[in-house]
Amino acid sequence: MKCECGKRPLDIVMSHILKIMIEDEIVPERATLRRNSPVPLSGFYYSSLNPQFIGEKTLILLHPDFTEDVASRLINEVPEVKCVLKGSPQSTVGQLDRNSQISHFEILEGDDTQINVMRTLLGDKVVLLKRQSRHHIEVAMTTEEKLLRLHNYINNNDVKKGVAVDAMCGLGALGIYLAKLGFEKVIFNDVNPEMIEALKYNLEINGITDGYEIFNEAFEDLEVENADLCVIDAFPGVDVDEIVKKAEEIADNVVVI
Ligand SMILES: C[S@@+](CC[C@H](N)C(=O)[O-])C[C@H]1O[C@@H](n2cnc3c(N)ncnc32)[C@H](O)[C@@H]1O
């Protein structure tokens with residue numbers, strides 16, 4: 001079932017993976033792709049509406065019942081698999097809020113590095129490198145939508161491109177976009193030190209060399225100057241009342257993404 005370029009379609013690759021999971025009895029014999037597949041995360045994600053043909057060593061798989069034996073079979077027998085992670089797709093990796101512990105998916109085998117490329121209205125792309133075991137799952141298309149919303153807010157509200165705060169910056173997509181958009185200064189902040197580490201790398205690969213400051217604190221505790229814009233991008237379900245209140249105190253414009 002290979003294309004002439006040598007790649008197999010995603011559903012064929014996933015069937016191959018499910019067959020191994022059935023043989024190793026971590027899913028029922030009558031398992032289906034819809035119910036029992038692991039979550040397939042692409043090692044290189046460029047948003048596209050075309051059918052997905054998968055190259056070698058590009059898929060990162062996530063399932064709560066993976067074992068070391070299955071992981072080793074998947075890496076050795078399915079050429080497209082580059083990493084096998086154990087964990088629940090429903091759980092949030094990283095740090096949910098200021099009071100939570102940092103959590104990770106377990107790497108059973110392989111390399112969990114993922115690169116996302118986001119197209120933007122600037123004609124310039126935003127590129128994010130992440131470790132899928134420790135940085136939240138968010139596909140490029142979702143981040144593109146966030147960048148679009150931010151872009152429209154700035155245009156429709158005539159926001160001054162002075163100081164911007166990316167209050168919960170994570171890997172840095174929103175703040176990096178603001179820097180590319182021409183803000184004089186972008187303040188990046190995140191409570192999770194592992195995010196700050198990834199952010200520094202992402203600033204470098206996006207060519208942002210100056211015009212920014214980085215803080216590693218709960219936003220609620222951050223001492224920050226007055227800003228023209230503050231962007232809030234919390235995990236779904238997190239209560240952001242206190243964070244929004246603080247943002248409104250320091251910034252003329254507050255966008256909750
Ligand atoms: C949805 S993610 C942000 C995604 C981000 N826009 C990106 O480009 O990766 C939410 C982030 O909020 C951070 N966070 C959670 N509670 C926080 C708090 N009280 N103060 C600052 N950062 C916080 C998390 O560490 C996480 O990186």
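In this convention, every chain numbers its residues from 1, walking through the sequence in written order. The model is predicted, so local features are restricted to residues of pLDDT at least 70 and side-chain atom pairs to those at 80 or more, both for listing and for counting; the totals for chains, interfaces and linings are taken over all residues.

### Notes on the overall build of the protein
Worth spelling out the cut-off: The secondary structure listing takes helices from DSSP runs of H or I that are at least 4 residues long and strands from runs of E that are at least 2 residues long, numbered from the N terminus. Our radius of gyration looks at C-alpha atoms and nothing else; its globule reference is 2.2 Å times the residue count to the power 0.38. Residues with at least 20 neighbouring C-beta atoms inside 10 Å of their own are called buried, those with 12 or fewer are called exposed, and the rest are partly exposed, where every C-beta is derived from the backbone. Contacts here follow a simple rule: the backbone-placed C-beta atoms of the two residues must lie within 7 Å.
A count of helical and extended segments in the protein gives seven helices and 14 strands. For a compact globule of 257 residues, the expected C-alpha radius of gyration is about 18 Å, and the protein comes in at 20 Å, within 12% of that figure. Taken along its principal axes, the extent of the C-alpha atoms in the protein is 60 × 40 × 30 Å. Counting across all 257 residues of the protein, residues that qualify as buried make up 40%. Taking the contacts inside the protein whose residues are at least 6 apart along the sequence as the reference set, 63% of them involve residues at least 24 apart.

### Re the sheet that holds strand S6 (residues 81-86)
Here is the rule we go by: Any two strands with at least two DSSP-identified bridges between them are counted as paired. Interaxial angles span 0 to 180 degrees and are taken between N-to-C directions of axes, which are lines fitted to C-alpha atoms, for helices over the stretch in contact.
Spatial strand order, S2-S5-S6-S7: four strands in an open sheet with mixed pairing. Looking along the sheet, the strands with just one partner apiece sit at the ends: strand S2 (39-42) and strand S7 (106-110). Ignoring which end each strand starts from, the neighbouring axes of this sheet average 25° apart. Bridging between S6 and S7 involves four bridges; their strand directions are antiparallel. Residue pairing across strands places Val-84 opposite Glu-109, the latter belonging to S7. Docked against the sheet, helix H3 (residues 68-77) engages strand S5 (59-63), S6 and S7, running at close to 35° with respect to S7.

### Remarks on the sheet that holds strand S14 (residues 251-256)
Sheet architecture is open: five strands sit in the order S12-S11-S10-S13-S14, paired in parallel fashion. The sheet is open, and its two edges are formed by strand S12 (212-215) and S14, each paired on a single side. Neighbour to neighbour, the strand axes of the sheet diverge by 15° on average, direction disregarded. Note: strand S11 (residues 185-189) against S12, four bridges, orientation parallel. Counterpart to Val-186 in the pairing with S12 is Tyr-212.

### Re the nonpolar core
Defined as follows: For our purposes the nonpolar core covers buried Ala, Val, Leu, Ile, Met, Phe, Trp, Tyr and Cys residues that link as a set through C-beta atoms within 7 Å.
Core analysis: the largest hydrophobic core is formed by 43 residues, its most contacted members being Val-165, Ala-167, Ala-173, Tyr-177, Cys-230 and Val-231. Take this core: its biggest share by element is seven residues, from helix H5 (residues 173-181). Apart from residues no more than four positions distant in its own chain, Ala-167 is found in contact with Asn-189, Phe-219, Cys-230, Val-231, Ile-232, Ile-243 and Ala-247. Among the nonpolar cores identified, the runner-up in size contains 23 residues, and Val-13, Ile-54, Val-93 and Phe-105 belong to it.

### Regarding the domain arrangement of the protein
The accessible area lost on association of the parts is a frequent measure of interface size. Our working definition: A domain assignment, automatic or from a database, supplies the domain bounds used here.
Segmenting the protein into domains produces domain 1 (8-90) and domain 2 (138-256). With centres defined by C-alpha atoms, the gap from domain 1 to domain 2 works out at 34 Å.

### Structural notes on unusual backbone geometry
The backbone phi angle of Glu-25 is positive, close to 60°, even though this residue is not glycine. Accessibility expressed as a C-beta count within 10 Å gives 11 for Glu-25, which makes it exposed. The backbone phi angle of Asp-158 is positive, close to 50°, even though this residue is not glycine. Within the secondary structure, Asp-158 sits in the loop between helix H4 (140-156) and strand S10 (163-166). When the 7 C-beta atoms within 10 Å are taken as the criterion, Asp-158 is described as exposed.

### Description of H4
Test applied: Multiplying 1.5 Å by the residue count of a helix minus one yields the expected span of that helix. Of all possible arcs, the one meant is that of the directions from the helix axis to the C-beta atoms.
The terminal C-alpha atoms of H4, which comprises 17 residues, lie 24 Å apart, in line with the 24 Å expected from a rise of 1.5 Å per residue. Those residues of H4 lying buried are Ala-140, Thr-143, Glu-144, Leu-147, Leu-150 and Ile-154. Mapping the buried residues of H4 onto a view down its axis gives an arc of 125°, with all of them on the same face. Exposed and facing more than 90 degrees away from the buried side of H4 are Asn-152 and Asn-156.

### Re the pairing of S10
In regular strands, side chains alternate between the two faces of the sheet. Where burial is concerned, the two faces of S10 agree: the one with Val-163 and Val-165 and the one with Ala-164 and Asp-166 are both buried. Bridge count for S10 against strand S13 (residues 227-232) is three bridges, and the pairing is parallel. By the bridge assignment for S13, Val-165 is matched with Cys-230.

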